[in-house]
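Structure assessment
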Amino acid sequence: MSEFCELVAEYETMNAARLAGAFAAEGKISLDRRDDGGNSTYFITLGEDIYYDPALKAELAEKVARVLRALFKKHGVTKRDLVMAVGVGNEGMTADALGAKTLKYLDITEHLYAAKLKPRGKGRLSGVASGVSGVTGLESYEIVRGVTDRVSPKLVIAVDTLAARQAMRLKRVVQISDRGLVPGSGVSNARAPLNEESLGVPVVAIGVPLVIYARNILLEYAGGYRLSDLAGGKDNAYNRSARELEDLVVTLKEIDVAVEDFAEALGRGINAAVHGM
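Residues numbered from 1 in each chain as written. Predicted model: local features only at pLDDT ≥ 70, side-chain atom pairs only at ≥ 80, totals over all residues. Heavy atoms only, no water.

Looking up the chain in an unreviewed UniProt entry gives the name GPR endopeptidase, with the organism given as Candidatus Stercoripulliclostridium pullicola.

Take a look at the structure:
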């Protein structure tokens, strides 16, 4: 569960109206871009849930493909270049399995190119699940850097679950950025970053907010005050909440469906961008 290397925090306030449902003029999905320091961050915002909605999932996949094609062009990626997708996160934990599940929807072709088969009309796409250090004993960076050094992709796409700062962002936003991401940072367990500086190739991060700290939910509905301000140093409900909710991370009731739906949409979008260039 990650945060992007330089998360655009002010966007959460700026985009609150859209997230609250102001989509009448733009349909079910809107697309925004923020540029900063040579990097681009895109926000694909959904006006409603994509559960069991094939048309909405198809539209989301098209938006993901459109953003990826723009970033491919920016970084000089062509159909002849290898793109490596990385599924970041713990596949054994449903809320953190977005990256690994997305890999299962990818049309992997690099093994065919390695065998000199060259599938007609398709680009070069490989994939690897980095897992988490508690399972593999290795940092995600170590695994991804090792594979990157070996196969030399032109660009890396890293997919991971994000931790939201506002409850209204859960399952309603797909963030795509060429800033890279920091595995584990979303749950206060930051590891080595996956970005161009650390891997030597451009890294496009794709994330969906699917978890949130319980304390952030309380803060959101407390008018933005810090818990310490509301507690006033007294042993009241807010003060007790500050202690009890400090490390509590919560997710959606239908998280299994959400992960599967977003994994499918992201996978289809990646396929369309890589194979349709």
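Past the structure itself, the notes keep going.
As for the overall build of the chain
Selection rule: By the criteria applied, helices consist of DSSP H or I runs no shorter than four residues and strands consist of E runs no shorter than two, each listed in order from the N terminus. Partly exposed residues are those whose accessible area sits between 20% and 50% of the maximum for their type, while under 20% is buried and over 50% is exposed, using a 1.4 Å probe and protein chains only. Two residues qualify as a contact provided that any one of their heavy atoms is within 4.5 Å of a heavy atom in the partner residue. Here the open area of atoms and residues is found with the Shrake-Rupley method and a 1.4 Å probe, where only the protein chains shown may cover a residue.
Of regular secondary structure, the chain possesses twelve helices and ten strands. Scored against the burial criterion, the 277 residues of the chain give a buried share of 51%. By sequence separation, contacts in the chain at least 24 residues apart represent 76% of the contacts at least 6 residues apart. Looking at the chain as shown, the accessible area adds up to about 12500 Å², and 50% of this sits on carbon and sulfur atoms.

Remarks on the pairing of strand β3 (residues 39-46)
Which entries qualify depends on this criterion: Strands are treated as partners if at least two bridges between them are detected by DSSP.
The element β3 is extensively covered by neighbouring structure, given that seven of its eight residues are classed as buried. Strand direction decides the pairing type here: strand β2 (residues 29-36) and β3, joined by eight bridges, are antiparallel. Its bridge partner being in β3, D35 is matched across the sheet by S40. With five bridges joining them, β3 and strand β7 (residues 173-177) adopt antiparallel strand pairing. Across the sheet, T41 pairs through a bridge with S177, a residue of β7.

A word on the nonpolar core
Inside soluble globular proteins, nonpolar side chains tend to come together where they are buried. Which entries qualify depends on this criterion: What we call a nonpolar core is a set of buried Ala, Val, Leu, Ile, Met, Phe, Trp, Tyr and Cys residues that are connected through their side-chain atoms within 4.5 Å.
Within the largest apolar cluster, 48 residues are counted, with the highest numbers of intra-cluster contacts made by L60, L68 and I176. Going through the elements one at a time, β3, α3 (54-74), β4 (82-88), α4 (98-103), β6 (155-164), β7, β9 (203-213) and α12 (255-275) are the ones with two or more residues in this core. The dominant element in this core, judged by the number of residues it contributes, is α12, at eleven residues. Residues V86, A158, V201 and V203 belong to the second largest nonpolar core, which totals 13 residues.

What to know about helix α7 (residues 140-151)
Selection criterion: Working rule for helices: expected span equals 1.5 Å times residues minus one.
Spanning twelve residues, α7 covers 17 Å between terminal C-alpha atoms, matching the ideal 16 Å at 1.5 Å per step. Looking at the buried positions of α7, the neighbouring elements they touch are β4, β5 (124-131), α6 (133-136), β6 and α8 (196-199).

Here's the deal with the pattern of salt bridges
Our working definition: Take a side-chain nitrogen of Lys or Arg and a carboxyl oxygen of Asp or Glu: if they are within 4 Å of each other, that pair is a salt bridge.
Counted according to the given criterion, the structure contains 16 salt bridges. Measuring nitrogen to oxygen at the nearest pair gives 3.6 Å for the salt bridge that ties E62 to R66. Here E62 pairs with R66, and both are found in helix α3, just four residues apart, close to one helical turn. Looking at R66, the relative accessible area reads 42%, which means it is partly exposed. Among the salt bridges present, the one from D149 reaches R145, with a minimum N-O distance of 2.9 Å. Taken together, the residues span about one helical turn, with D149 and R145 both in helix α7 at a distance of four residues. The partly exposed category is assigned to D149, whose relative accessible area is 47%. Residues participating in the shared-partner salt-bridge network are K57, D261, E264 and R268.

Considerations on unusual backbone geometry
Here Y52, not a glycine, exhibits a phi torsion of approximately 55°, which is positive. A relative accessible area of 69% places Y52 in the exposed class. We note that S152 has phi near 55°; this positive angle belongs to a residue other than glycine. A relative accessible area of 53% means that S152 is categorised as exposed.

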